Amino acid sequence: MHVVAVLALDDVSAFDLAIPCQVFALATRPDGSPAYDVRVCTDRDVAAMAGPAQPFQVSSSYRWEDVRDADTVIVPGVPAEQIPHPRAVGLLREAAAAGARVASICTGAFVLARAGLLEGRNATTHWRFADSLAEQFPRTRVDPSVLFVDEGQILTSAGIAAGLDLCLHLVRRDHGAVVAAEVARMLVMPPQRAGGQAQFIQYPVPECDSADLGGTMRWMRDKLNEPLSIADIAAHAMMSRRSLARHFRAQTGTTPLRWLLAQRLQRARELLESTDLPMRRVAEDTGFGSVETFRHHFARQVGTTPSAYRAAFRG
């Protein structure tokens, strides 16, 4: 059983604390058994913050020292200016040195940085605190524009809901797209928002100029096996290309074609994991047209070949 320890420090964000508990607890193997053992680790009863003046107490039978037994340690957000307890920082270092995967949600990145785990690495945090993280820890390359950063053993996510994307990404890394998609369905959220997708802070949509593209995005997903151009998408949305681009970026943080590519790759992962279809069929069914084009995009986005991916998950 893969043990996920959620390190709960005082004044922890209640939302951040709940995210890994919910996501990993919902993940199940194909035989229906739990995929993770989730443990909230506290020093004592800690204050969880649902807002500036809305604290409540969280208690657990697990203590900070139990992170030593974890395969993955998640550090939820705490006030950025707060200095974490030295014992908690030391235990975090020990867990990482022992090979545990360590991830932060929102301002939990400051805790990782104070443990020295972000030195020389790419990282992110909530856009509001990104400048502060970069100033305090100049050896960390802070990218304030992305949802999460995967550095292998060390991962960081942006604010609030981006923690959902990070945890789903970890489930996908461990158990594949099908398991992650089922968790996403239970959470009633999209199965994948790529880590490089924007944090949505620089794309305000005027109230008088808004449009819901949900129907068009569902139509695009239903047509993954067909070649779709910007003109096709704009026609379905009944917009000009320029208006489509503006609204699409406002609602998704990316362009229509990049979003479509992510959906094609998500479907390709599911087919590779759950079917024995030849690569030609997978390429055709996901709209890539040719095996060569499919392999190019898959390797570029996933970091391995379709055949190696299938072998890893089917094996």
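Residues numbered from 1 in each chain as written. Predicted model: local features only at pLDDT ≥ 70, side-chain atom pairs only at ≥ 80, totals over all residues. Heavy atoms only, no water.

## A short note on the packing of aromatic side chains
- Under the counting rule described, the total for this entry stands at 5 aromatic pairs.
- Ring centres of phenylalanine 248 and tryptophan 259 lie 5.8 Å apart, and the angle between their planes is 70°; on these two criteria the pair is classed as edge-to-face. Here tryptophan 259 lies in helix H10 (residues 256-274) and phenylalanine 248 lies in helix H9 (residues 241-252), a separation of 11 residues in the sequence.
- Its relative accessible area of 9% is what places tryptophan 259 among the buried residues.
- Aromatic pair phenylalanine 288 and phenylalanine 294: ring centres 5.4 Å apart, planes at 40°, arrangement tilted. The exposure classification of phenylalanine 288 matches that of phenylalanine 294, with both residues buried.
- Taken together, the aromatic side chains of Phe288, Phe294, Phe298 and Tyr309 make up a single cluster linked through ring pairs. (Phe/Tyr/Trp six-rings, centres within 6.5 Å; stacked < 30°, edge-to-face > 60°. Helix = DSSP H or I, 4+ residues; strand = E, 2+ residues; numbered from the N terminus. Buried < 20%, exposed > 50% of the residue type's maximum accessible area, 1.4 Å probe, protein only.)

## Let's talk about the confidence of the model for the protein chain
- On average, residues of the protein chain score 88 in pLDDT, and 91% of them reach the 70 mark or higher.
- Per-residue pLDDT stays below 50 along residues 195-210; that stretch engages in 37 contacts with residues further than four places along the chain or on separate chains. (pLDDT = per-residue confidence, 0-100. Contact = heavy atoms within 4.5 Å.)

## A look at the packing of helix H7 (residues 214-222) against H10
- It is at 10 Å that the axes of H7 and H10 come closest, and there the two elements cross at 45°. Between H7 and H10, the crossing angle belongs to the class labelled oblique. For the crossing formed where H7 meets H10, the hand is right-handed. Contact with H7, carried on its side by Met217, Met220 and Arg221, involves Pro256, Trp259, Leu260 and Gln263 of H10 and no other residues of that element. (Axes fitted to C-alpha atoms, helices over the stretch in contact; angles between N-to-C directions. Parallel < 35°, antiparallel > 145°, perpendicular 65-115°, else oblique. Left-handed = near helix turned anticlockwise from the far one by under 90°.)

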